[in-house]
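Below, each chain spelled out in residue letters.
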Amino acid sequence: QVQLVESGGGLVQAGDSLRLSCAASGRTFSGYAMGWFRQAPGKEREFVAAINWSGNSRYYTNSVKGRFTISRGNAKITVYLQMDSLKPEDTAVYYCGVRTGSGSIYQLGDYEYWGQGTQVTVSS
């Protein structure tokens, strides 16, 4: 079994910052990528950011590039999403996922495990 628990969401003003955390347990994640996806009301879940196992490769969707930073903890079973300069359009439920295979880092369907999500609301 794999458990992923997100935390750090909340209600903030535009321009504020939040740091989301995702803690994994239940198995070893050696060699696996971890990523963040988000789902806004009425929209499909979309890719936000991902990081490979070593932490030396980071990937971002264009709309968050330069504002969000994904990182791994030293134990590599925790992943963070530092979100700066938040905008109202960032409002969504943010989900942490683990990709165990060799699929695309950007594709939702290639992530095997998911957390329960954490709500991020950015007011104007």
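Relevant structure appears above.
Residues numbered from 1 in each chain as written. Predicted model: local features only at pLDDT ≥ 70, side-chain atom pairs only at ≥ 80, totals over all residues. Heavy atoms only, no water.

*Asks:* Whenever I open this one, the overall build of the protein confuses me. Can you help?
*Replies:* Along its length, the protein carries zero helices and 11 strands. By the compact-globule yardstick of 14 Å for 124 residues, the protein fits well, its C-alpha radius of gyration being 13 Å. Within the protein, buried positions represent 42% of all 124 residues. Counting contacts in the protein only where the partners sit at least 6 residues apart, residues at least 24 apart contribute 56% of the total. Of the accessible surface of the protein, which amounts to about 6,100 Å², a share of 44% is contributed by carbon and sulfur atoms. (Helix = DSSP H or I, 4+ residues; strand = E, 2+ residues; numbered from the N terminus. Rg over C-alpha atoms; globule rule 2.2 N^0.38 Å. Buried < 20%, exposed > 50% of the residue type's maximum accessible area, 1.4 Å probe, protein only. Contact = heavy atoms within 4.5 Å. Areas by Shrake-Rupley, 256 points an atom, 1.4 Å probe, with all protein chains shown as cover.)

*Asks:* I tried to follow the pattern of salt bridges on my own but got confused; where do I start?
*Replies:* Side-chain pairs of opposite charge can arise where the charged atoms are in close proximity. For the coordinates displayed, the defined rule picks out three salt bridges. Between arginine 67 and aspartate 90 there is a salt bridge, with the nearest N and O atoms lying 2.8 Å from each other. Of this pair, arginine 67 sits in the loop between β6 (58-60) and β7 (68-72) while aspartate 90 sits in the loop between β8 (78-83) and β9 (92-99), and the two are 23 residues apart along the sequence. Judged by its relative accessible area of 10%, arginine 67 is buried. Aspartate 90 gets classed as buried once you look at its relative accessible area, which sits at 1%. (Salt bridge = Lys/Arg side-chain N within 4 Å of Asp/Glu carboxyl O.)

*Asks:* Please explain the pairing of β7 as it appears in this structure.
*Replies:* Here is the key point about a regular strand: its side chains alternate between the two faces of the sheet. Burial of the side chains of β7 is restricted to one face: Phe68, Ile70 and Arg72 are buried, whereas none of Thr69 and Ser71 on the reverse face is. Note: β7 against β8, five bridges, orientation antiparallel. Across the sheet, residue phenylalanine 68 finds its bridge partner in β8, namely methionine 83. (Pairing = 2+ DSSP bridges.)

*Asks:* What's the story with unusual backbone geometry in this structure? I'm lost.
*Replies:* Generally, phi is negative for residues other than glycine and the peptide bonds are trans, each holding for most cases. Non-glycine residue serine 85 carries a positive phi angle of around 50°. Locating serine 85 in the fold gives a position in the loop between β8 and β9.

*Asks:* In this structure, what is going on with the sheet that holds strand β3 (residues 18-25)? I would like to understand it.
*Replies:* For sheets, the rule is that strands pair by backbone hydrogen bonds, running either parallel or antiparallel. The strand order across the open sheet formed by four strands is β1-β3-β8-β7, and the pairing between neighbours is antiparallel. One side of each edge strand has no neighbouring strand; the edge strands of this open sheet are β1 (3-7) and β7. Across the sheet, the mean angle separating the axes of adjacent strands is 15° when strand polarity is ignored. (Axes fitted to C-alpha atoms, helices over the stretch in contact; angles between N-to-C directions.)

*Asks:* How should the nonpolar core be read in this particular structure?
*Replies:* The nonpolar side chains of soluble globular proteins are, as a tendency, buried together. Among the nonpolar cores identified, the biggest contains 28 residues, and Trp36, Leu81, Met83 and Tyr94 are the most heavily contacted of them. Secondary-structure elements contributing two or more residues to this core are β3, β4 (33-39), β5 (46-51), β7, β8, β9 and β11 (118-123). With residues near it in sequence (within four places) discarded, leucine 81 still touches Leu18, Arg19, Leu20, Trp36, Val48, Ala49, Phe68, Thr69, Ile70 and Tyr94. Core analysis: the next-biggest nonpolar cluster, separate from the first, contains six residues, Ala33, Phe47, Ala50 and Ile105 among them. (Core = buried A, V, L, I, M, F, W, Y, C linked by side-chain atoms within 4.5 Å.)

*Asks:* What is the right way to read the side chain of threonine 118 from this model?
*Replies:* As for its placement among the helices and strands, threonine 118 is situated in strand β11. Within the local environment of threonine 118, its side chain forms a polar contact with the backbone nitrogen of glycine 9, the two atoms lying 3.2 Å apart. (Polar contact = N/O pair within 3.5 Å; in protein donor to acceptor, adjacent residues only side chain to side chain.)

*Asks:* Help me understand the pairing of β1 in this model?
*Replies:* In β1, alternate side chains face the same way, and those of Leu4 and Glu6 are buried while those of Gln3, Val5 and Ser7 on the opposite face are not. For β1 and β3, the ladder comprises five bridges, and the chain directions are antiparallel. Bridged to valine 5 within β3 is alanine 23.

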